[in-house]
Amino acid sequence: MIKTVLTILTFFIYVFSGDIVARSNKGKIQMEINRLNIALYGSTYRDRITFENNFGDNFGFSSIIYFPFRWSVDYANNFNDSTANKGEFNNRLFLIRPVALFNLSDQGSATTGAGFQLSFLITKQWYIEFLIGTVWAESKKNSTDGINEGFNLYQGFYLTKPIHQHFSLSAGFNHISSAHIFNSKTNHDQIVLGIKYIF
């Protein structure tokens, strides 16, 4: 008798809990129009071609400008608050954002390009981000910063925390290289620390 009751109870719990979870966990993907967002980073870098410069020896600057739209993934009922932006991420679970990329080293090498940044919510108000893009590099002939002229792959990994409706703090690592895809001889790493401003 007890076995039968437990079996029936287990069956009902399984059926009804599955139905509840299915309703509460319904997800949605939506394109959203967002406010202008700019990230500014200071960096120290290393050259992986000649190894003449290591982290701490030189400095650079980089910037990410976010396009005014993005693809967001979240629980369906959370999209009701789209007009009340809560900082950079609006508490979304996952975002894909197109970006423009700019980088300048203290030796005058510069890169410009575009790409996409993927942002994942890992815990309350903390996001891990991955950036990938293609950039064109210009450099001086005598530069030793690991950047050479030509197209390159731009990759970045960041940990970001919104601290205000208009500001987020971000730290991470950038790598710029040909990635055996392009003809450039670039091989350049950066440790970056910066702030994002949301208009």
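Cut-offs applied
Residues numbered from 1 in each chain as written. Predicted model: local features only at pLDDT ≥ 70, side-chain atom pairs only at ≥ 80, totals over all residues. Heavy atoms only, no water. Helix = DSSP H or I, 4+ residues; strand = E, 2+ residues; numbered from the N terminus. Buried < 20%, exposed > 50% of the residue type's maximum accessible area, 1.4 Å probe, protein only. Areas by Shrake-Rupley, 256 points an atom, 1.4 Å probe, with all protein chains shown as cover. Phe/Tyr/Trp six-rings, centres within 6.5 Å; stacked < 30°, edge-to-face > 60°. Lys NZ or Arg CZ within 6 Å of the ring centre and 35° of its normal. Patch = residues over 30% accessible without salt bridge, like charges linked within 9 Å, V, L, I, M, F, W, Y side chains within 5 Å. Salt bridge = Lys/Arg side-chain N within 4 Å of Asp/Glu carboxyl O. Core = buried A, V, L, I, M, F, W, Y, C linked by side-chain atoms within 4.5 Å. Contact = heavy atoms within 4.5 Å. 1 Å grid on protein atoms, 1.4 Å probe; cavity = no way out; pocket = protein on both sides within 12 Å on 5 of 7 lines; lining within 4 Å. Points joined across faces, edges and corners; volume = space filled by probe spheres on them. Nonpolar A, V, L, I, M, F, W, Y, C, P; charged D, E, K, R; others polar.

Enquirer: What am I meant to see in the overall build of the protein chain here?
Expert: Scanning the protein chain for helices and strands turns up 1 helix and 10 strands. Within the protein chain, the fraction of its 199 residues that count as buried is 39%. For the protein chain, the accessible surface area stands at approximately 11200 Å², while carbon and sulfur atoms represent 67% of it.

Enquirer: When you look at the packing of aromatic side chains in this model, what are you seeing that I'm missing?
Expert: For any two aromatic rings, the description comes down to two numbers: the centre-to-centre distance and the angle of the planes. By the definition in use, this model includes 11 aromatic pairs. Their ring planes at 90° and their centres at 5.7 Å tell us that F69 and W71 sit as a pair that is edge-to-face. A relative accessible area of 26% means that F69 is categorised as partly exposed. Geometrically, the ring pair formed by Y197 and F199 is edge-to-face, given 4.7 Å between the ring centres and 85° between the ring planes. Classification of Y197 as partly exposed rests on a relative accessible area of 32%. Every member of this aromatic cluster is reached through a ring pair, and the members are F67, F69 and W71. Just above the ring of F79 sits the side chain of R92; from NZ or CZ to the centre is 4.4 Å.

Enquirer: Even after reading the chapter, I still don't get a nonpolar patch on the surface, so can you show me in this structure?
Expert: Residues L36, I163, F167, L169, I195, Y197 and F199 make up a contiguous nonpolar surface patch of roughly 600 Å² in combined accessible area. Contributions of two or more residues to the nonpolar patch are made by strand 9 (167-177) and strand 10 (187-198). Note on placement: Y197 falls in strand 10.

Enquirer: Whenever I open this one, the nonpolar core confuses me. Can you help?
Expert: What tends to happen in soluble globular proteins is that the nonpolar side chains get buried as a cluster. Of all hydrophobic cores here, the largest spans 12 residues; its members are A39, Y41, I64, Y66, V99, L101, L131, V135, Y154, Y158, I176 and V192. Contributing elements (two or more residues each) for this core: strand 2 (37-47), strand 3 (60-66), strand 5 (94-105), strand 7 (126-138) and strand 8 (150-162). Residues within four places of L131 in sequence aside, it is in contact with I64, V99, L101, F116, Q117, Y154, Q155, G156 and Y158.

Enquirer: In this structure, what is going on with empty space enclosed by the protein? I would like to understand it.
Expert: Gaps between atoms show up when a probe of the same size as a water molecule is rolled over them. Evaluation of the coordinates by the stated rule reveals 2 cavities of 30 Å³ or more. The space that makes up the largest cavity amounts to roughly 70 Å³. Lining the largest cavity we find 10 residues, and of these N34, R35, R70, E88 and I198 sit closest to its centre. Its residues assigned to classes, the lining of the largest cavity comprises 2 nonpolar, 4 polar and 4 charged.

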